[in-house]
Amino acid sequence: MQLLLLPLLVVAAVGLARAAATDDPFLSGAPGNHSYNVDCGGAADFVSVFGRRWLADQFFSAGGQAGMVAEPHRFPQPQERTLRFFPPSSAGKSSCYSLPLPPGRYYLRLFSVYDNYDSKLRTPSFDVSAAATLVLSFRSPWPEPASRYGAYSDLIFPSATSPTSDICFYSLSTDAPVVASIEVAPVHPLAYDGATTGADLILVNYGRLTCGNNLFGPGFTNDSDAFSRVWQSDIDFRNNDLNYDAITAGGRKIFGSNQPPNYFPTKLYTSAITTGGDASNEIEYLMPVDTRMSYMVWLHFAEIDAGIGSAGQRVFDVMLAGKNVTRIDIFKQVGGFTAFKWTYIVENLTSSTMSVKLVPVVGRPILCGLENYAMVPLETRTVPNQVAAMKALKDSLKIPARMGWNGDPCAPRTWDAWEGVTCLRKDKGLVITQLDLASQGLKGYITDEISHLTDLELELQFFDWKLTSGLRATFTCYIGSVIKPVYWRNSWHHSLLNNNQLDGQVPERLYSIGVHGGVIDLSGNKGLCGVPTLPACALFWEKGGLNRTGKIALGASLGFVLLVTLIVVYILCIRRGPYDYDFEFPQDLTSISAISAKRNRYQRAKSVMLAEMEAHGPDGYYTNGGAH
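Residues numbered from 1 in each chain as written. Predicted model: local features only at pLDDT ≥ 70, side-chain atom pairs only at ≥ 80, totals over all residues. Heavy atoms only, no water.

Looking at this structure, how should I read the sheet that holds strand β8 (residues 126-130)?
Two strands in a sheet stick together by hydrogen bonds in their backbones, pointing the same way (parallel) or opposite ways (antiparallel). Taken in spatial order, the four strands line up as β6-β11-β8-β9 in an open sheet, and their pairing is antiparallel. With one partner strand each, in any of the chains shown, β6 (94-100) and β9 (133-138) form the two edges of the open sheet. Across the sheet, the mean angle separating the axes of adjacent strands is 20° when strand polarity is ignored. As paired strands, β6 and strand β11 (residues 164-171) are joined by seven bridges and run antiparallel to one another. Bridge pairing links leucine 99 to serine 165 in β11. (Pairing = 2+ DSSP bridges. Helix = DSSP H or I, 4+ residues; strand = E, 2+ residues; numbered from the N terminus. Axes fitted to C-alpha atoms, helices over the stretch in contact; angles between N-to-C directions.)

If you want it as structure tokens, here you go:
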């Protein structure tokens, strides 16, 4: 799925007063209420003129480089001047911000800006995902206002089930994704029809308009919105072939606004657009859409004309994409000076512009606000325990940033972002089916959590690694408990483990892959033993440790030594008679005799050490008929 760069993105405005703490869920910008204001590329935390705490992004971002817009004086807010970009040559295909969010629904706002920060005079193309689902696509060239002054995008998404949720950026070709700020705050679980869509959909803003008013919203003006939405002026979306008049509530109080679960702000209902000129004129807005998706449309009304005092005085039809979907009489529904909202889902669009039209029946139609949200289905994610296994493997193998191992290993499906990883969709979710990590120069060890990758079916390539010590302990687990449950189902056909630093006895069942027509390569591992083409294992050695026979022999030896020790103690200490004495050197002989005695003790100890060394082979183990 590819979404277009939206021409409705909000250009930042300057506010003159602070927002009240009770009205702005982003105000704290602290983990306590799971809201975050992240200054991408920023070097230090700060508090904005609106009282918002902005956090430097070094604890959230997976690499990339910090930058700054070419002309900072054009950007009134500090978080708009700094940015972070992710060159694919060093950051890989995907780069993510990981935010600690418990399960729930969240409002996400991004600010993206180019402003020729890299002096290349070319805006980048890249995709953005939330909840492992593609939600935004920026395609070059950007509209000039967005490129020069920046643009805001926002959406509502359900968090992942893991402790963190990832906001990821995917590089298209050689372009470096770029982002200037990220804001996240929790929203009411039932907001925007969350009872039926909350767990399965992401709602992407394709237009949030205030009719007959200027842009407003916390963080941009001193107007409150408990949802922290920014409401954009409707001027750029009207059909300019028609005539419009603006009206206001004249200071009268509006009832029914700012109510859960959506908390639509009171200011939204204090102004409206109606038709100008002939009473038969219509109101029409032209909204950009992607025809591959369905849309949730919200219309906001309030009868703010004191001249309308009864039902039937103002009646109009609502037409969406050319279809007459409802007839509305605001006063009949809620009375005067009272907020009224109506929603409808539009499907099967055939044009990239959706018409929202109000057609008069009695009197002139009126509209206070309009919202249009793309309904993006939540993509299937990777099975959670396999996500954990892959992230553990990333840490243990010290996967470099250039391989792009960030976010979900398999989703979104349109991006093959994790280099060397192949996935398949099954009933339980997306699973890892193949790892090809050959010739990557990796260093580290194989974590035991790789045993959760039980759906590997094709091949596992681990050759040309530079693995450090510690593999002896993990190799036993890897061969015995990882390959075994996969191959034992007769699904594993390739095992390429050559040119590593593995050791231990190779199970015959693993080697039988090659015997039964599969491919196996264990060369270049000096520590492996026990199958044809490899050295024989030591008598008591198996899989990087003592085998059962060796353990029994060691236990018997220790038991014998303990028995002899007890006998000696019994003879020397317990059976000593009344005439048994301890002997010491006389004081006048210590100068010569003591030195001689120490020399003799040293010679005896040295002889014992030499005898012990001669009894061992060159690998440090007891020789046994020439086998090592």
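Back to the write-up after that little detour.
Is there a simple way to explain the nonpolar core in this structure?
Within soluble globular proteins, side chains that are nonpolar tend to cluster in buried spots. Ranked by size, the top nonpolar core spans 104 residues in total, and within it Phe157, Ile182, Tyr285, Leu299 and Phe301 carry the most contacts. In terms of domain composition, this core takes at least three residues from each of domain 1 (28-186) and domain 2 (188-378). Not counting residues up to four positions away in its chain, the partners in contact with leucine 299 are Val318, Phe340, Lys341, Trp342, Val356, Leu358, Leu367, Gly369 and Leu370. (Core = buried A, V, L, I, M, F, W, Y, C linked by side-chain atoms within 4.5 Å. Buried < 20%, exposed > 50% of the residue type's maximum accessible area, 1.4 Å probe, protein only. Domains from an automatic or database assignment. Contact = heavy atoms within 4.5 Å.)

I would appreciate a short explanation of the pattern of salt bridges in the present structure.
Two side chains with opposite charge may pair up if their charged atoms get near one another. Counted by the stated rule, this structure contains 20 salt bridges. Close ionic contact of glutamate 282 with lysine 357 constitutes a salt bridge, the shortest N to O distance being 3.6 Å. One end of the pair, glutamate 282, is in the loop between β17 (271-275) and β18 (283-288); the other, lysine 357, is in strand β23 (residues 353-362), and 75 residues separate them in sequence. Notably, a salt bridge pairs arginine 314 with aspartate 305, separated by 3.7 Å at the nearest N-O pair. For arginine 314, a relative accessible area of 7% corresponds to the buried category. On the basis of relative accessible area, aspartate 305 is assigned to the partly exposed category, the value being 34%. One salt-bridge network, held together by shared partners, links Arg52, Arg109 and Glu183. (Salt bridge = Lys/Arg side-chain N within 4 Å of Asp/Glu carboxyl O.)

Would you take a moment to explain the sheet that holds β18 for this structure?
If you trace the four strands from one edge of the open sheet to the other, you get β18-β23-β20-β21, paired in antiparallel fashion. At either margin of the open sheet sits one strand with a lone partner, and together these are β18 and β21 (323-328). Across this sheet, the average inter-strand angle for adjacent strands is 20°, counted without regard to direction. In the sheet, strand β20 (residues 315-320) pairs with β23 via six bridges, with the strands oriented antiparallel. What sits directly across from valine 315, in β23, is valine 362.

Is there a simple way to explain the environment of threonine 123 in this structure?
Here threonine 123 shows up in the loop between β7 (105-112) and β8. On the basis of relative accessibility, which here comes to 8%, the residue threonine 123 falls in the buried class. For the pair threonine 123 and serine 140, spaced 17 residues apart in the sequence, the C-alpha separation amounts to 5.4 Å. Polar contacts involving the side chain of threonine 123 include one to the main-chain amide nitrogen of tryptophan 142, which spans 3.2 Å. (Polar contact = N/O pair within 3.5 Å; in protein donor to acceptor, adjacent residues only side chain to side chain.)

Explain unusual backbone geometry to me, please; I cannot follow it from the model alone.
Cis geometry is found at the peptide bond from serine 140 to proline 141, where omega equals 0°. Along the chain, proline 141 falls in the loop between β9 and α3 (144-149). Here the amide bond leading from proline 260 into proline 261 is cis, since omega sits at 5°, within 30 degrees of zero. Looking at where proline 261 falls in the secondary structure, it is placed in the loop between β16 (244-248) and β17. We note that alanine 131 has phi near 50°; this positive angle belongs to a residue other than glycine. Examined against the element boundaries, alanine 131 turns out to sit in the loop between β8 and β9.

Would you explain empty space enclosed by the protein in this entry?
One simple way to see leftover space: roll a probe sized like a water molecule over the atoms. What the rule picks out here adds up to two cavities of 30 Å³ or more. Each pocket or cavity is described by its volume, and for the largest cavity that value is around 50 Å³. As for the largest cavity, its lining consists of Ser48, Phe50, Arg52, Trp54, Gln77, Gln79, Arg109, Tyr152, Glu183, Gly219 and Phe220. Each residue belonging to the lining of the largest cavity can be placed in one class, and the counts come to four nonpolar, four polar and three charged. (1 Å grid on protein atoms, 1.4 Å probe; cavity = no way out; pocket = protein on both sides within 12 Å on 5 of 7 lines; lining within 4 Å. Points joined across faces, edges and corners; volume = space filled by probe spheres on them. Nonpolar A, V, L, I, M, F, W, Y, C, P; charged D, E, K, R; others polar.)

What should I look at first to understand a nonpolar patch on the surface in this one?
On the surface, a nonpolar cluster with roughly 280 Å² of combined accessible area is contributed by Phe560, Val561 and Val564. Residue placement: valine 561 occurs in helix α9 (residues 548-574). For valine 561, a relative accessible area of 49% corresponds to the partly exposed category. (Patch = residues over 30% accessible without salt bridge, like charges linked within 9 Å, V, L, I, M, F, W, Y side chains within 5 Å. Areas by Shrake-Rupley, 256 points an atom, 1.4 Å probe, with all protein chains shown as cover.)

Please explain the pairing of β9 as it appears in this structure.
Put simply, side chains in a regular strand alternate between the two faces of the sheet. Most of β9 sits inside the fold, with six of its six residues counted as buried. Note that β8 and β9 share five bridges and pair antiparallel. Paired with valine 128 across the strands is leucine 136, a residue of β9.

Explain helix α6 (residues 384-396) to me, please; I cannot follow it from the model alone.
Residues lying three or four places apart along an α-helix face the same way, a consequence of the helix completing one turn every 3.6 residues. Helix length check: α6 (13 residues) gives 18 Å between terminal C-alpha atoms against 18 Å at 1.5 Å per residue, within 8%. Among all positions in α6, only Gln386, Val387, Ala389, Met390, Ala392, Leu393 and Ser396 are buried. (Expected span 1.5 Å × (residues − 1).)

Scope: geometric values only; no functional claims are made or implied.
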